[in-house]
Amino acid sequence: MLEAVLLGFLFSLFLVFSGSYLRGRLAVLSSLIPLSLFIYFSTFISEIADGKVIYEIHEWVPSFGVNLSFTLDGLSLLFALMITGVGTMVFVYSSAYLKDHKYLDRFYGYLSLFMAAMLGLVLSDNLMSMFIFWELTSISSFYLIGFNNDKEDSRKSALIALGVTGIGGLMLLGGAILLGDVAGTYRISEMLSSREAIADSSHYVLILIFIFSAAFTKSAQFPFHFWLPEAMKAPTPVSTYLHSATMVKAGVYLLFRMTPVLNGAEIWHTVLIVVGGITMIYSAIHIIFRTDLKGILAYSTIAALGILVFLIGIGTQAALVAAAVFIVVHALYKASLFLITGIIDHETGTRDVTQLAGLRKVMLPVAIAGFIAALISGGVPPTLGFVGKDLIYESTLHFKDNAILLTIIALSTNVLLFYAGFVAGIKPFMGKLPKKFEKIRLPSPLMWVPPLIMTSAGLVFGLFPGLIETAVAKPIAMTQALQFEDFHLKLWHGFNPILALSATTLILGTVLYFVLKPKHSLEVTIAKLDPIAPKTLLINLSEGFAVFSKFWTNFFQTGYLRHYLFIVVSFLILLLGYLIFSDFSLSIDTSSLTELTIYEISILIMLLLGVLYTVFTKSRLAAVASLGVVGLSFSLLFLFYSAPDLAMTQFSVDTLTVILFVLVLYKLPKYLNLSDIRLRIKHGIISISFGVLITILILKVLSEPKNTEVTEFYAENAYKLAHGKNIVNVILVDFRGTDTMIEISVLIVAALGVFGLLKLKLKTKDKK
Amino acid sequence: MRTLILKSASSYLLPVLLIFSVFILLRGHYLPGGGFVGGLVAAIAFVLHAFSHGLDKTRTILKLHPGFLMPLGLLVAFLSGIAPMVFSDLPFMTGLWAENPIPVIGAIGSALFFDLGVYLVVIGASLTIIFTISESA
Amino acid sequence: MNVHDFLYYIILPILSISSLLVFVRFFKGPSIVDRVVALDLLITIGIGIIAIYSVISDKPTFLDISLVLALIAFLGTVAFAYYLEKRNKND
Amino acid sequence: MKSKFLSNILLTLIWVFLTGGYEFNNFLFGFILSFIILWILSGADDKNSKKYFKIIPRIISFIFFFLWELTKANIQVAYEVSTPKFNMKPGIVAVPLDAKTDLEITLLANLITLTPGTLALDVSTDRSVLYIHAMYVEDKQVFIADIKTGFEKRLLEILR
Amino acid sequence: MIDILICITSGLGALFVLLAAVGTLRMPDQYLRISVNTKAATLGVGLLLVSAALFFLEISVFTRVITVIIFILITAPVGAHLIGRTSYFIGNELWGNSVIDDLKGKYNKSTHELKGEDKENESENEKDSIPKT
Amino acid sequence: MEILLAIITGVLYASGIYMIMRRSMVKLILGIILLGNGVNLLIFVLGRITKGKPPIIDSAEKVLEGVYADPIPQALILTAIVISFGLQAFAIILMKRTFKVLKTDDLDQLNTTDEDS
Amino acid sequence: MTNDIIILPLVVHLFFSIVLMFFWNKVDFQKIFSVVANFIALLVAIWVFVFVYNNGTQVVQSGNWEAPFGIVFVGDMLAATLVLLTAIAGFAVSIFSTISVIRARLRFGYFSVFHFLLLGLNGAFLTGDIFNLYVWFEIIIISSFVLISIGGEKNQLEGAVKYFALNFFASMIFLTALGVLYGLVGTLNMADISLKIAEVQNRNLVEISAVLFLVGFGIKSAIFPLYFWLPASYHTPPSAVSAIFAGLLTKVGVYALIRVFTLIYGGDGFLNTLLLTLAIMTIFSGGVGAIVQNNIKKVFMYFIICHIGFMIGGLALFTEVAMAGVIFYLIHDIIIKTNLFLISGLIYRIKATNNMKKLGGLYANYPKLSLLMAIPLFSLIGIPPLSGYWPKISLILASLNAEQYWFFGALIFGSLITLIVIAKLWSEVFWKDQPKLSLPKKFIYFDQLRLGQKFTFIFPVAFLTFVTLYIGFGAEHIQQLSQRIASELINNELYIDAVLKR
Ligand code: NA
Ligand code: NA
C-alpha cells in the first residue's frame, strides 16, 4: 500500500521537473495513475468482503510512535476506491477541460499530490500519519482552490479554506496526541482495546472536542461550512474531486474510523446528531436561494455531509450502513453533477441556472448523464439513491430518541436535495434553447464520458444492490460494529412507513422543483442575512482581530526607544519588586562592614554629585566633563578598596571615553529640552524605583555568607602554579585567560566597527 | 592644534611614555599594571602626538597602520594560547614557563606573550578608533 | 601622633576638602573652561591623595597609578582644548 | 648619531630608574628597548645636542633660581587667595622673544607658567612674541624686562 | 627626624593644594584661576610625592617620584597654556579690573593664527576686520 | 560603608536608566556609561570589599594570606570595563554617524523602521 | 590535540578572523577564504558532534586549571548540536554573503566580523562558565552591532541605535545577575554554581538572580515584553546579516535560558509559571505582529518572536518530553529562520523589494525556485512531515499532560497564525500577478546575473532546504538526539559530574 500512496507523490514530483512533457493530448495519459490504482484496490474487494483486514507497517519515526502503518478494511477500501475511481474520471475530464491551460502540468501535480495524500489518509492506521496526510490534503486543496492564482477571489477563497481546515488540522493533532497518550499507541487498530480506558480518561471530552473540531471543519459542518462554497472558486474538476467526492468526506471518514474507539458516551451521539442535523437543514434551505449551479451543488454537498455526520451520530448499525451507502451514492451523483456543470460552464460560459435551458439539443449525452444523476440524487428508484434514502429513513425512524423529529429533518433535507439535483441535473437541459447557445457543440468525449460512466454506475448499483452490500455495506458494518448483525440491501422492502417517506420525498421534491424557480431576487433576499452568517461573523472576527493585532503591535512597537526601555524596565521592576517585597528581611550585620572615613565620604560625595550633575546639567560638555569626575572618584574608590588595577583601568578608560565623546560632540547639536515634564516625572519614578530595588538587593546579598573556595585557591596557587604575584593579572592572563582573549577581540571588533562606520560611505549605486 | 608649546612638549613625552607603557606591561604579573593599561598608555602617547603634530606626522612615526597591530596582537595572544595544544598536548591556554626567571620581568612564560598580545591589540584598537574619529572630525 | 595618624587624620581630610572645594568650582562653572580646569585640578589632587594613601597603606606601587593619572589627565585637558578650539563656542 | 646615542642612554637610564633594578641584564634590556623605541620614532626630530658637561652647573643654579621664584611667588598668591580683598592688577602682556628653537620657547613658557602669578598663554605664530597673563602688571615694560633678564637669559645660557 | 620631614613636606603640600583649591574657587576670571591652580597644585602635589619618597626611602620609589614630578612639571604648564589659550579663543573675558590686554584682536578666528607684536598697532585699530589671507 | 556604596550603586542605576530614556542620543550614551559604572560597582560591592589589602603577593611571600580583597570580582570588572569601553566607543561613533545621516540626535525621530513598510 | 577537540571550532574561527584581518583589502581573497574557513568549521563541527555523540560529554579545562578554578568548555550533546547547526548556518550564509553583500561592505571587514560572530556563538554554546558566557555574549553583540550598522544607511542606523541600546541594557542586567550570583556562591563555574546554590539559605535571593538572568537573556532571545528591539532592527541590514541574526542570535539567548534554567535553577515553581506566562504572551504577540506586517522580512521577524515562545514554554514545562520538543524545535528553527532570511534576500534580488504589496508573480516566473522556497515556508508552518511539525507533537503532548491548556492554546494559536500568514504571504508574493510598479533601474536584478552568480545565490538556500528536509524526514534521528539532550538537561548531575570530575 505504501507504493500505492507514494505513486501519486512520485508522479507530482516527476511533474515538477518534467511537467512540460505533459501538455495537451498527452495529459489524458496521467489518468493511468489513478486508474491503475483503482484496479489495484479493486483486486482486494473480494478479500475484504470476506472480512479480511490487511495491515502493513513501515517504521518511520518510532521515537514518536509515528509509523507508516496502513490498514485495508471495508472502510478504507471504500474510500480508496472512491478516491481512485472518481480520481480517474476527474483526471480524464481535466485533460479536456483544461486542455490549453498554461499550467496544466502543475494542475496534475497538485491533483496527484492530493490523491496520494487522500489515499494515505484513508489507509493510515496510525493516527499521526493520518494527521500528516490530512494536512497534506489541506495544502493540496489550498493550491487547487488557488489554482487560478491571478484572481484575487481565488486566492482569498484558498486562504479561507486553508484557515478553517487548518484549525481543524491542529485540533486533529491535539486529539491524536491525547489519544495516543491515553491509549499508549497511535495505531487506531490497537486503540480499540483501550476503548474503556479512553472513555474513562479525564481527557475524554477534550479528545472529543479535538476530533469533532477536526471532522467538522474538514467536512464543512455548521458553523464551519462556509469555506466550502468559497472553495468553489476552484476549477470544476477540483470541486468535483476534493470538495464533493473525497476530501470533504475526510471528516466523515475520521468520525467513521473513530466511532468504535470513541462512541462510548452519549455525548458523542448527541453532538453529532445535533451538528449534523443543523448542517443538513441549514444548508439544504440555502439551496433554494442559489442560482449559481456550483453554489447549489456546494450547499447540497454540505447538506449531504450533514446527513453523513447525522447518521454516524445515530450510530446504529443501520445508520452506519446508511451512511456508507450514502457516501457511494453521493460520490457518484454529485461528482457527475459537478462535471456536468463544468461542461456547461465550459461551453456556455455561464453557470447561472436562470439563463440555462434547452441544452439537451446541443449536448444530449450530457443531458442524459444529468438526468440520471438527478434521479440518483432524488432517490428515485431504481437508482442507488433510492436504496440510500431508504436506509436513512430506516435509521431515523428506529432511533431511540426523538425519532419523529429526526425523520422530519431527514425528510426535509432529502426533499431539498431532490430539488437541488433536479435543478442542477435537469433544468439546464429542459425547455427552449436560447439563441446564444445554438452554436454550442458537444465537447470532447473526454469530458462527457466520465459523468456518464459514474451515473450509469449509480444505476447499475441501484439495480443490483447486492454489489454494494457485499463490497461496501457489510465490510464497513464489520469495521464499525462490536456485534455484527446480518442485513441485506434491497430496492424493494414492501409497503412500510419507509416507503411512504420515500414517496413523500419524491412528491414534495417534484412539487418543489416545479413551483420554485431559481431567481436572482431570492439570492438577494438571502444575502440580507449575510451579516449574521457564520462566514460574515468569521470575517468580521478576523477583521476585528486584524484591527486588534494592529493595535496591540503598535501599542508596543511604537518606534520610540524610550518607550521600549520603559516597558522593559517596568517589567523588571515589577518582577524584582514582587520578589524583594515578598520576602523583605534586611538583617545586615553592621559590625562586619568596613568603617567610614572622611576621605571616603568626600570621594563618595564627589561621585554622587558628579553623577547627579551629569544627569541634570544642561550643557553636554559639562556632562561629559562631569563623567571625568565620576571616573576619578571611581578610581580613588577602587584604590581605597584594594583594587589598584581597577583604579588604573577605570580611570584610563573613562578618560578615553570622555575624549572620544569630546571629539564627536562638536558635530552634534546642543541639547534641546525635548521631553515634557510629565514624561520626565514618569521616567524619574521608574528610575528611582529601580535604583532603590538595586540598593535593597545589594544589602540583601551582603547579609548572606559568601563561599570563598575559588578565591582561596587563587591566593594559594597564583605564585606557586602560575608564577605571578598580582593575582588579578594572573586571573586575567592565566586562570581566566580565555576571557581576556575574547575581551580583546571585542575591542578589535569595536575598532573595526568604528572604522567601517566612519569610513564606509555607500554610493547610491551600491545601495540595494 | 597649532601650538608650538604642546608640539615640542609632546615630542619629548612620546618616548618616555612609550617606555613607561612597556614598564607597565611587563610588571603586570607581579604588580598593578599589565597589557591593557600598558597598551592604553602607549596609545595615549601616540594620541597626544597626533593632537599636537597632526595625524599624518604621527602616522609616519608609527610606520605601521594601527589597524595592523590588532590582528598582530591577537595572533600573538592566540599563538600563546594554542602553543600548549600544539607542542605539549596540554589544554588550550595552559601556561608554559621557562626554567629560569630573569630580572625585572620575572618568570618568562606564555602568559607574558599573551599579555604582549593584549598590549598590541589595545594600542591598535584604541588608535584605530581615535585616529578614525579625528580624521573624520 | 605618628606619621601615619598625621597623614590619616590631617592630610587626607585636607586633600578631601580641597577636592570638594574644587568640585564647587566645577559645579559653578560658569565657562566650560572652568570645568576643565577644575577637573584637571581634581585629578592633580587625586595624585596627591594617592601618594599619601600609598604611604598609609605601605604600598609604594600605588605611586605608579599616579603617573597614569597624570598622563591621562593631561590628555583630557588637551582633548578639551582641542574640542573647544574647533568648536569655537562656549557651550 | 651622537644625539641619538645620547637619547638612547638617557632612555636606558630612565628605564633603570623606573624599574629600580641595577643589574647588567636590566641595563641591556633597557638599552635594547629604548633602541627599539628610538628606531620606531626615527625621523621625528633631529636636533643636535652638545656640551653636556659644561652646562651642568648652570642647570643646578637654574633649578635653585626656579625653586626660589616658585616659592616666592607661591607665597604671594597664597596671600592673595587667603585675604578677602584682591590687590591684583592682572593683564595679558606681549613679551618679545629672544628664544628661537622649539625647546627654548617651550621651556621658557613652561617655566613662566609654573611660577605663580604668570601664565604663558600662547606664542605668536611667527614665534616673535610670547603672550603672558600676569597677576601683577604694575608696569608693562618692567614686567617684560624681568622676564627677559630673569628666566629667558638664564635659560638661554644653559641651552646655547 | 625623617618623620618630621615627612610631616613638614606633606603638611606644606596639603596646604598648597588647599590654596589651589581656594584659589580656583575665589579667583575672579578663568586666567587667574588657571594661573593659581597650575602652580599651587603642582607644588603641593610635588611636595606630597616627596613626602612619600621620604617615607619609603627606597631608590625605586625615589625614581618613581621623580618621574611623576617631572611629568607633572612638563604637563601642567602645557595644559595650562592650552586651556588658557582656548579660553581666550572662545571669548572668555578678562576680569574687569585687568589693566592690560595685549592679546586683544591678535587671534585670527578662522585660521587660528596669532599675530606677533610688530603688527600690534595696525591690528588694534581693526580688531574685528576680516584678515586678508 | 557598604550601605553607602549600595546607595551609590542604586543612584548610578537610577541615573543610567533615567538617562537612557531621554530623547537625546548624547544622553543615551551618558546613561549607558553611568549604568556600566553602576554595574561594575555592584559586582565590586557584592564581591565584598576590603580596605588596604590588594590581592598582590608580597615580594617576599609565595602565597597570599590573612585578610585580602577578593581578586575575582576585580578581574571580572576589568574585563567588563574593557568590553564596555569597546561598546561605548562604538556607540559614540554610531551616534556621530547617525547624526550625520539623519541630521538629528532626537531619538524620537528614529521611529520609521518599526513602522510597516 | 584530541583532548581539546571540542574547542577546535573556536580555534578555527578565531584563527580565520585573524587571517582575514591581515588581508583587509583583498575582497576576493576574503570571499574564498571565508567560505573555505566555514567549510572547515563545518567539518570540524561534524567531527565534534560525532565525537561527542559517541563518547559522551567532553570537558576541556582551559589553562589546565581544574574546574571550578579555570574556565571550562563543556561539549555536551546540546552544545555539540548547536555548534553543528551554527556551522551549517554559517556555511550557508558565508556563501550567500559572497554574492549578496556589496563589495563596499566587504571591504570593511565584513567577513572578519562575521567570523568573530560565529566564534562568539560557538563559544557561548561551549562554555561552562557563566562569566565566560557573558564575554562570549559580548563578542556576539559587538559583532552584531558592527554587522547591523555596516554601511551606515538611514534605516540601518535607526535600527542599530535601538538594537544597541536594548542589547546593552540586557548585558547590564546579565552582569547584575552575575554579580548577585557571585555574591552568593563565590564561583563562576556553572556546574559548581549549581551545587553551591543549593546551599544558599535565602531562596528569595536565588529567585531574584534567576529573574535577572531571565530578563537579561529574555531581551536577547526576544521574549515578551522584551523583544521590541528585534522588529525595529533585524530587517535593516543586508539579508545575509539578517539571516545569521535570525537563525542564531535570538537562539543563543534561548540556549542561555535553557542552560541556566536547567542547570542552575531547575524546576523552580515560580520561575516556571513566569516563564510559561511569558511564553504564552510571546507566542501571542509575535503571532499578532506577523499578521499586521506587509514586509516579508518583518513577517519573518515576528515569527522569530512567536516561535521563541514555543521553546520558552517548553522549557517552562520542564519535563523530558517538553524539553525534547524544545530541542527539536530549536534545531528546526535555527535552520529555517536562517533560510527564510536568505530567501527574503533572494526575493529582494529578484524584485528589488520585500514588500508584499509590491511583490507578485514569482510563481509564474520562477516556478522551480518558488517550489524550493515553498519547502522552508511549509516547514515553518509545520506542515507534516516537514521539520516544524515534529517538535509540536512533544510540546503539545507535554502541555496537555501538564494540563497547561493556555499554553496548548497558544501553541495552536501560534501554529494557526503561522499557517494563515504564510499562506497569505504565498498568495501575495508567489501567486498574485506582479503589480505594475516603477522599479529601480540601476538595480542589478537576479536575471541579469551570470549563471555562476545565480548558483551562488541559490545554493545556500537549497543547502539549508536540504537540511530542513532531512530534519523533517529523518525526524527519527533528530528526535532521538533531542530526547538524549533533553534527558541530559533534566538530569543535570551528568553535566555536573563531567565538569567537576566527580
Ligand atoms: Na594558562
Ligand atoms: Na607664573
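Residues numbered from 1 in each chain as written. Chains lettered and ligands numbered in written order. Predicted model: local features only at pLDDT ≥ 70, side-chain atom pairs only at ≥ 80, totals over all residues. Heavy atoms only, no water.

Attention shifts here to the overall build of chain E. Of the regular secondary structure elements, chain E holds four helices and one strand. Along its sequence from the N terminus, chain E presents helices and strands in the succession α-α-α-β-α. The buried share of chain E, taken over its 133 residues, is 60%. For chain E, the share of sequence-separated contacts (at least 6 apart) that also reach a separation of at least 24 residues comes to 49%. Total accessible area computed for chain E in this model is approximately 5,400 Å², and 61% of it derives from carbon and sulfur atoms. (Helix = DSSP H or I, 4+ residues; strand = E, 2+ residues; numbered from the N terminus. Buried < 20%, exposed > 50% of the residue type's maximum accessible area, 1.4 Å probe, protein only. Contact = heavy atoms within 4.5 Å. Areas by Shrake-Rupley, 256 points an atom, 1.4 Å probe, with all protein chains shown as cover.)

Turning our attention to the interface of chain G and chain A. Each partner contributes to the interface: chain G provides 129 residues, whereas chain A provides 104 residues. Counting the surface lost from both chain G and chain A, the interface buries some 10,100 Å², and carbon and sulfur atoms represent 75% of this. Put simply, chain G and chain A have two salt bridges between them. Its salt-bridge partner being Lys196(G), residue Glu709(A) comes within 2.7 Å of it at the nearest N-O pair. Summed over the shared surface of chain G and chain A, the result is 17 residue pairs in polar contact (both at pLDDT 80 or more). Looking at side-chain class alone, the side of chain G that touches chain A contains 86 nonpolar, 27 polar and 16 charged residues. (Buried area = accessible area lost by both parts, 1.4 Å probe. Salt bridge = Lys/Arg side-chain N within 4 Å of Asp/Glu carboxyl O. Polar contact = N/O pair within 3.5 Å; in protein donor to acceptor, adjacent residues only side chain to side chain. Nonpolar A, V, L, I, M, F, W, Y, C, P; charged D, E, K, R; others polar.)

This part is about a nonpolar patch on the surface. Residues and elements named next belong to chain E. A grouping of Met1, Ile2, Ile4, Leu5, Ile8, Leu12, Leu15 and Leu57 is seen on the molecular surface, where their side chains present a nonpolar patch of about 780 Å² in accessible area. Structurally, Ile4 can be placed in helix 1 (residues 2-26). For Ile4, a relative accessible area of 52% translates into the label exposed. (Patch = residues over 30% accessible without salt bridge, like charges linked within 9 Å, V, L, I, M, F, W, Y side chains within 5 Å.)

Further remarks concern the interface of chain A and chain B. Counting from both sides, the interface comprises 40 residues of chain A and, opposite them, 38 residues of chain B. Surface buried jointly by chain A and chain B totals about 3,500 Å² across both partners, of which 78% is contributed by carbon and sulfur atoms. Its largest share of buried area at the contact with chain B, chain A owes to His723(A), Val733(A) and Met741(A), together 17% of the area lost on that side. Run the count over chain A and chain B and you get one salt bridge. One salt bridge in this structure joins Glu135(B) and Lys759(A), with 2.9 Å as the shortest N-O distance. On the surface where chain A and chain B come into contact, there are three residue pairs in polar contact (both at pLDDT 80 or more). Top contributing element to the side of chain A that touches chain B by residue count: helix 32 (residues 737-759) of chain A, with 15 residues. Within the side of chain A that touches chain B, the residues separate by chemical class into 24 nonpolar, ten polar and six charged.

On the surface, a cluster of positive charge is contributed by Lys667(A), Lys761(A), Lys86(C), Lys100(F) and Lys103(F). One can find Lys667(A) in the loop between helix 28 (644-665) and helix 29 (677-702). (Lys, Arg positive; Asp, Glu negative; His and termini not counted. Charge placed at Lys NZ, Arg CZ, Asp CG, Glu CD.)

A few words on helix 20 (residues 445-463) of chain A. Residues and elements named next belong to chain A. Here helix 20 contains 19 residues, and its C-alpha end-to-end distance of 26 Å stays within 8% of the 27 Å for a straight helix at 1.5 Å per residue. Buried residues of helix 20: Met447, Trp448, Pro450, Pro451, Met454, Thr455, Gly458 and Gly462, and no others. On an axial view of helix 20, the arc spanned by its buried residues comes to 160°, and they lie on one face. Here the buried face of helix 20 lies against helix 4 (74-97), helix 16 (317-348), helix 17 (364-378), helix 18 (384-397) and helix 21 (465-480). Measuring from the backbone nitrogen of Leu446 back to the side-chain oxygen at the start of helix 20 gives 3.0 Å, which picks out Ser444 as the cap. (Expected span 1.5 Å × (residues − 1). Arc of directions from axis to C-beta.)

All right, on to the environment of Thr115(D) then. Here Thr115(D) lies in the loop between helix 4 (102-114) and strand 2 (118-123). It is 7.8 Å that separates the C-alpha atoms of Thr115(D) and Phe66(D), two residues lying 49 residues apart in sequence. Excluding its chain neighbours within four sequence positions, the residues that come into contact with Thr115(D) are Phe66(D), Glu69(D), Leu70(D), Ala73(D), Phe151(D) and Lys39(E).

With that out of the way, let us pick up the pairing of strand 2 (residues 66-72) of chain A. Residues and elements named next belong to chain A. In terms of burial, strand 2 is largely enclosed, as seven of its seven residues are buried. Of the two faces of strand 2, the one carrying Val66, Leu68, Phe70 and Leu72 and the one carrying Asn67, Ser69 and Thr71 are both buried. Bridge count for strand 1 (residues 54-61) against strand 2 is six bridges, and the pairing is antiparallel. Considered in strand 2, the bridge of Glu56 is made with Phe70. Between strand 1 and the antiparallel strand that follows it, strand 2, lie four residues; Gly65 among them carries a positive phi value of about 75°. (Pairing = 2+ DSSP bridges.)

All told, the structure shown has 115 aromatic pairs over all chains when counted by the stated rule. With a centroid separation of 5.4 Å and an interplanar angle of 55°, the aromatic rings of Phe91(A) and Tyr108(A) are classed as tilted. With Phe91(A) in helix 4 and Tyr108(A) in helix 5 (residues 104-123), this pair connects stretches of sequence that are 17 residues apart. Here the aromatic rings of Tyr143(A) and Trp431(G) are separated by 5.7 Å at their centres, their planes lie at 90°, and the arrangement is edge-to-face. Here Tyr143(A) is found in helix 6 (residues 127-145), whereas its partner Trp431(G) is found in helix 18 (residues 405-431) on a different chain. There is no split in this pair, since Tyr143(A) and Trp431(G) are both buried. Cluster of aromatic residues (ring-pair linked, three or more members): Phe91(A), Phe107(A), Tyr108(A), Tyr110(A), Phe142(A), Tyr143(A), Phe147(A), Tyr363(G), Phe378(G), Trp426(G), Phe430(G) and Trp431(G). Over the aromatic face of Tyr103(A) sits the side chain of Arg106(A), whose NZ or CZ is 3.7 Å from the ring centroid. The aromatic ring of Tyr55(A) is capped on one face by Arg187(A), whose charged end is 5.4 Å from the ring centroid. (Phe/Tyr/Trp six-rings, centres within 6.5 Å; stacked < 30°, edge-to-face > 60°. Lys NZ or Arg CZ within 6 Å of the ring centre and 35° of its normal.)

We now examine the pairing of strand 2 of chain D. Residue and element names in this part refer to chain D. Of all six residues in strand 2, six are buried; the element is thus mostly enclosed. Here strand 2 runs beside strand 3 (residues 129-134); their pairing, made up of five bridges, is antiparallel. Note on strand 3: the bridge partner recorded for Val123 is Leu130. In textbook terms, the turn of a hairpin is the stretch between consecutive antiparallel strands, and for strand 2 and strand 3 this stretch comprises five residues, one of which, Arg127, has a positive phi near 65°.

This paragraph deals with the pattern of salt bridges. Taken as a whole and assessed by the stated rule, the structure comprises 34 salt bridges over all chains. Residue Lys233(A) is joined to Glu230(A) by a salt bridge in which the shortest nitrogen-to-oxygen separation is 3.5 Å. A salt bridge links Glu600(A) to Lys51(F), with the nearest nitrogen and oxygen atoms 2.6 Å apart. In this pair, Glu600(A) is assigned in helix 26 (residues 598-616) and Lys51(F) in the loop between helix 2 (25-46) and helix 3 (71-102), connecting two distinct chains.

This next bit is on the UniProt feature "transmembrane region" (unreviewed entry) in chain E. Residue and element names in this part refer to chain E. Per the UniProt record, "transmembrane region" (unreviewed entry) is annotated on residues 36-57 and 64-84. Overall, residues 36-57 shows 95% helix and 0% strand. The separation of its end C-alpha atoms is 31 Å. Along residues 64-84, the helical share is 100% and the strand share 0%, with 30 Å between the first and last C-alpha atoms. (UniProt positions renumbered as here; feature names shortened; annotations may be inferred.)

The subject of this paragraph is the confidence of the model for chain E. For residues with low pLDDT, the predicted coordinates do not support detailed interpretation. Residue and element names in this part refer to chain E. Averaged over all residues, the pLDDT of chain E is 78; the fraction at 70 or higher stands at 80%. The secondary-structure element of chain E with the lowest mean pLDDT is helix 4 (residues 120-125), recorded at 42, while helix 1 shows the highest, at 89. Under a pLDDT of 50 for its full length, residues 119-133 has, in the predicted model, ten contacts with residues more than four places off or in other chains. Interface confidence for the predicted complex, expressed as ipTM, amounts to 0.92; the pTM equals 0.91. (pLDDT = per-residue confidence, 0-100.)

On to the arrangement of the chains, then. The interface with the most contacts, out of 13 pairs of chains in contact, is the one formed by chains A and G. With no contact between them, chain C and chain D keep their nearest C-alpha atoms 10 Å apart. The two units chain E and chain G never meet; even their closest C-alpha atoms stay 32 Å apart.

As a further point, take the nonpolar core. Counting residues in hydrophobic clusters, the biggest one holds 810 residues, and the most contacted among them are Met258(A), Leu262(A), Tyr265(G) and Trp390(G). Ignoring any residue separated from it by four or fewer positions in sequence, one finds Tyr265(G) in contact with Leu181(G), Ile197(G), Val206(G), Ser209(G), Ala210(G), Phe213(G), Val260(G) and Leu271(G). (Core = buried A, V, L, I, M, F, W, Y, C linked by side-chain atoms within 4.5 Å.)

With that settled, consider helix 1 (residues 4-27) of chain B. Residues and elements named next belong to chain B. Over its 24 residues, helix 1 runs 35 Å from end to end, which matches the ideal 34 Å to within 8%, given 1.5 Å per residue. Helix geometry: helix 1 is bent most strongly at Leu13, by close to 30°, with proline Pro15 lying one to four residues after it. Within helix 1, 20 of the 24 residues are buried, which leaves it mostly tucked inside the rest of the structure. (Bend = angle between axes of the 7 residues up to and from the residue.)

Okay, the environment of Val63(F) next. Relative to the helices and strands, Val63(F) is located in the loop between helix 2 and helix 3. Judged by its relative accessible area of 13%, Val63(F) is buried.

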